[in-house]
Amino acid sequence: MTSGMTRGLKGGLILAVALLVAIVLSLMIGQIRLSAFDLWNGLLTGKGPGALTLRVLRGPGIATAIGAGAALGASGAIFQILLRNPLAAPDIMGFTSGAGLAVVCGVLAGTTLPMPLLSAAGGLAAACAVAIMAIKRDGTQVPITLILVGLGIGFLTTAAHSFIVTRLPPEQAAEAQRWLTGSLAARDWGHAGQVFGCGAVLAVILAIQVRALGLLELGDDLATGLGLKSNRARLKLAGTGVLLAATGVAVAGPIPFIALMAGPLGMRITGATQPGGRILSAAVTGAIITVLADLAARSIVPGLQLPAGVMTGIFGAPYLLWLLSREMDAGDI
Amino acid sequence: MRAMIVAVLALVFAAALTLTVGVRDGGFALLFQALTAFDPTDPAHIAIQSIRMPRLIAGLIAGAALGMAGTIMQAITRNPLADPGILGINAGAAFAVVIGSLIAGRADNGLMAALAFPGAAAAAIAVFALGGGLKGDAGPVRLTLAGVALSAMLLSFVSAIILARNEALEVFRFWVTGSLAQAGMRPLGYMAIAAVLGAGLAIAIAPRIEALSLGSALARGLGTNPGRIQLGALVAVTALTGAAVGVAGPIAFLGLLVPRLARRVGGHVLRRELIAAAILGATILLFADTIGRILIPPAEIRVGTMTALIGAPIFIWMARRLRAGAGA
């Protein structure tokens, strides 16, 4: 137990340092390079290029990336624990692209509804569709069917995305394409406030449910024996997970593979086994991945801002392949 | 046999629609005129001959090739979810074409043709290997996920490249969602030859693929070399998919839907199923293209979007029907 504690502590420390390094690097590197000294100066005095970068140029985007990555990572961990399958992430199961579709449709239709609301509606609709369609004739749900049906919903929303993009005039089409790939360019403090505000509320709601998640992990019979209404608890947890993912999508677009990667990577580093620890480490790992993906996307080709989702696609897909081969060796799928 | 005749009639009807829809007036009479007594001063005749004819040919090549490729893939992997789009073979061809054109700094027809096939072959081998095919247990779920992952990665690269050059967004749309528009600019001739060669090979080895589906041991007993048949199937799928991508871009889900219908028409004999798949694939693709053109005039819905909108629900329906234990 003690060794597990120290490992957890060490892992937590590693994650915290990694996040800090990612943030500092992301602040320093860009079209104009800054030294750590410039940043420090800007932070202390509030003047000079460092302060401008922190307050206007890179600060808001990085803050948004942290919030969105944490929300997506936590959401992924919830579903991975709930369905006991590392492939069960909201981006694989089509929830994030459903949320993204709803946002684009809402914006194009000219609604004044706030983006998180649109995103939540889309995510919940996609999740409900997947959950209902994955029910087999005998009334049971198997994780692998959920994942496959979710892929199908993802195909459908992707087709809808490209349908919409073709209908737009070129300028708007390029913008929509960027957003739907998942991008953190030109985000302001409003975005950051939004994702942290919604995220904080959901984090509290999630914290209340962590005990139930732990009980569900023991198996339905045991959980029910311990006084848990397991179906209702599962539904609430899934709802919270979808809303967390939607919170991330509302500010960063349906950025792929972060929710899938964050949980297992975080668990590997911290060695966390309890749901609370797993979700927390997934959230921090998600933030790190998103900050680094955004950094890579805007600095890998000089003078060009790629959407961050391109980077998570390039690095996340090999991870999915690796995961697949490992799961196959273990005989799980 | 009767089903086959119906399918052929449907194809003829779909082809006629492809050539006539969009003509301001005249309908089939004008079409007949343009084909039999071409008048080079009549804009309607020119539209039919120089815009819609290439479109029809591209649709015929891509539809027939994808239908056959899907049928072969489903037969050899015994996987009802196998489709060149879902398994990432389309993405491999598109990726090779985009990267190659970028490195070479040009995008002419010969180059595109030379790139699409190695790209398709590499992706096919990669998905088969990653999906567990080398260990001989490529279940539908594994292959599907491997294909999705590979597509996601390759298409991310393609978007990165294309977004880096803003002027290329139109090209981007073509290589990410297939389309039959501007078919006259594609290497139709090369691709037709490749498709015919692939189709010929597929039909030639069809009986041996059927023997293989009885199990490797039994197939060997019947004098079939499983490795060689699999290689043959790979070459056929590559030629067919590469040809389809070359003329129409990556079109998904056609290869998922068509083999099921072809089984009904072809009556569970693979050779006949393949021929039915070619006819049905072309028919469905042409219909989908025509619907995409008339749904929201004057804009056009790309045929790749249409097949995905039709095909994704079918994918879901089939995923539900997979038995939990069936290689899952």
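What comes next concerns the included structure. (Residues numbered from 1 in each chain as written. Chains lettered and ligands numbered in written order. Predicted model: local features only at pLDDT ≥ 70, side-chain atom pairs only at ≥ 80, totals over all residues. Heavy atoms only, no water.)

1. Notes on the overall build of chain A
- Looking only at helices and strands, one finds 14 helices and 0 strands in chain A.
- Overall, chain A shows an N-to-C arrangement of helices and strands of α-α-α-α-α-α-α-α-α-α-α-α-α-α.
- Its C-alpha radius of gyration of 20 Å places chain A within 12% of the 20 Å reference for a compact globule of 333 residues.
- For chain A, the C-alpha atoms occupy an extent of roughly 65 × 55 × 40 Å along the three principal directions.
- Working note: accessible area of chain A is about 14500 Å², and carbon and sulfur atoms make up 69% of it.
- Within chain A, one finds 21 positive and 13 negative side-chain charges whose respective centroids are separated by 5 Å. (Helix = DSSP H or I, 4+ residues; strand = E, 2+ residues; numbered from the N terminus. Rg over C-alpha atoms; globule rule 2.2 N^0.38 Å. Areas by Shrake-Rupley, 256 points an atom, 1.4 Å probe, with all protein chains shown as cover. Lys, Arg positive; Asp, Glu negative; His and termini not counted. Charge placed at Lys NZ, Arg CZ, Asp CG, Glu CD.)

2. Here we look at the overall build of chain B
- Regarding its fold elements, chain B presents 13 helices and 0 strands.
- Taken from the N to the C terminus, the helices and strands of chain B come in the order α-α-α-α-α-α-α-α-α-α-α-α-α.
- Counting only contacts in chain B whose residues sit at least 6 apart along the sequence, the fraction spanning at least 24 positions is 75%.
- Total accessible area on chain B is roughly 13200 Å²; 67% of this is exposed by carbon and sulfur atoms. (Contact = heavy atoms within 4.5 Å.)

3. Here's the deal with helix 6 (residues 115–133) of chain A
Residue and element names in this part refer to chain A.
- The end-to-end C-alpha distance of helix 6 is 27 Å, a good match for the 27 Å that 19 residues give at a rise of 1.5 Å each.
- Where helix 6 is concerned, the buried positions are Pro116, Leu118, Ser119, Ala120, Gly122, Gly123, Ala126, Ala127 and Val130.
- Tucked inside the fold, the buried residues of helix 6 contact helix 5 (95–109), helix 7 (143–167), helix 9 (189–217) and helix 11 (230–252). (Expected span 1.5 Å × (residues − 1). Buried < 20%, exposed > 50% of the residue type's maximum accessible area, 1.4 Å probe, protein only.)

4. Notes on the environment of Gly98(A)
Residue and element names in this part refer to chain A.
- Relative to the assigned elements, Gly98 resides in helix 5.
- As a C-alpha pair, Gly98 and Gly122 span 24 residues in sequence and 5.1 Å in three-dimensional space.
- With sequence-adjacent residues up to four places away left out, Gly98 is seen in contact with Gly122, Gly123, Ala126 and Thr157.

5. A closer look at empty space enclosed by the protein
- One pass over the full model with this rule turns up 3 cavities of 30 Å³ or more.
- What the largest cavity holds in volume is close to 1300 Å³.
- Together, 44 residues line the largest cavity, and Gly154(A), Thr158(A), Ala152(B), Leu155(B) and Val176(B) are the ones closest to its centre.
- Counting residues per element, the ones that place at least two in the lining of the largest cavity are helix 5, helix 7, helix 8 (170–181) and helix 14 (308–330) of chain A together with helix 4 (89–104), helix 6 (140–163), helix 7 (169–176) and helix 13 (303–321) of chain B.
- Among the elements that make up the lining of the largest cavity, the one with the highest residue count is helix 7 of chain A (9 residues).
- Its residues assigned to classes, the lining of the largest cavity shows 22 nonpolar, 19 polar and 3 charged. (1 Å grid on protein atoms, 1.4 Å probe; cavity = no way out; pocket = protein on both sides within 12 Å on 5 of 7 lines; lining within 4 Å. Points joined across faces, edges and corners; volume = space filled by probe spheres on them. Nonpolar A, V, L, I, M, F, W, Y, C, P; charged D, E, K, R; others polar.)

6. Notes on the pattern of salt bridges
Residue and element names in this part refer to chain B.
- This model, assessed by the stated rule, comprises 4 salt bridges over all chains.
- Note that Asp289 is salt-bridged to Arg55, the shortest N-O span being 2.8 Å. Residue Asp289 is located in helix 12 (residues 270–294), and its partner Arg55 is located in helix 3 (residues 43–77); the two are separated by 234 residues in the primary sequence.
- The exposure class of Asp289 is buried, given its relative accessible area of 0%. (Salt bridge = Lys/Arg side-chain N within 4 Å of Asp/Glu carboxyl O.)

7. Side note on the interface of chain A and chain B
- The partner chain B presents 41 residues to the 43 residues of chain A that form the contact.
- The tally of links between chain A and chain B comes to 0 salt bridges.
- Applying the counting rule to chain A against chain B returns 2 residue pairs in polar contact (both at pLDDT 80 or more).
- Residue assignment for the side of chain A that touches chain B shows that the elements contributing at least two residues are helix 6, helix 7, helix 8 and helix 14 of chain A.
- Residues that form the side of chain A that touches chain B fall into these classes: 33 nonpolar, 6 polar and 4 charged. (Polar contact = N/O pair within 3.5 Å; in protein donor to acceptor, adjacent residues only side chain to side chain.)

8. Quick notes on the packing of helix 5 of chain A against helix 7 of chain A
Residue and element names in this part refer to chain A.
- Put simply, helix 5 and helix 7 touch, their axes get as near as 9 Å, and they point 25° apart. It follows that helix 5 is roughly parallel to helix 7 by the angle criterion. Crossing of helix 5 over helix 7 shows left-handed handedness. Within the contact between the two elements, helix 5 uses Ser97, Gly98, Gly100, Leu101, Val104, Cys105 and Leu108 and helix 7 uses Gly154, Thr157, Ala160, His161 and Ile164.
- Looking at the contact of helix 5 with helix 7 residue by residue, the classes come out as 6 nonpolar, 6 polar and no charged. (Axes fitted to C-alpha atoms, helices over the stretch in contact; angles between N-to-C directions. Parallel < 35°, antiparallel > 145°, perpendicular 65-115°, else oblique. Left-handed = near helix turned anticlockwise from the far one by under 90°.)

9. Section: the packing of helix 3 of chain B against helix 8 (residues 188–212) of chain B
All names here are of chain B.
- Remark: helix 3 packs on helix 8, axes separated minimally by 10 Å, with the N-to-C direction vectors making an angle of 25°. Classified by the angle their axes make, helix 3 and helix 8 are roughly parallel. The two elements helix 3 and helix 8 meet at a crossing, and its hand is left-handed. Listed contacts from helix 8 to Pro54, Ile57, Ala58, Ile61, Met68, Ile72, Ala75 and Ile76 of helix 3 are Leu188, Met191, Ala192, Ala195, Ala199, Ala202, Ile203, Ile209 and Leu212.
- For the contact of helix 3 with helix 8, the per-class residue count stands at 17 nonpolar, no polar and no charged.

10. Considerations on the side chain of Glu273(B)
All names here are of chain B.
- Along the chain, the position of Glu273 falls in helix 12.
- Judged by its relative accessible area of 8%, Glu273 falls in the buried class.
- Ignoring sequence-local partners within four residues, the contact set of Glu273 consists of Thr71, Ala262, Arg263, Gly266 and His268.

11. A short note on unusual backbone geometry
Residue and element names in this part refer to chain A.
- The residue Ala186 is not glycine, and still its phi comes out positive at about 55°.
- Take Ala186: it is sitting in the loop between helix 8 and helix 9.
- Despite not being glycine, Phe257 shows a phi value in the positive range, around 75°.
- Along the polypeptide, Phe257 turns up in the loop between helix 11 and helix 12 (258–270).

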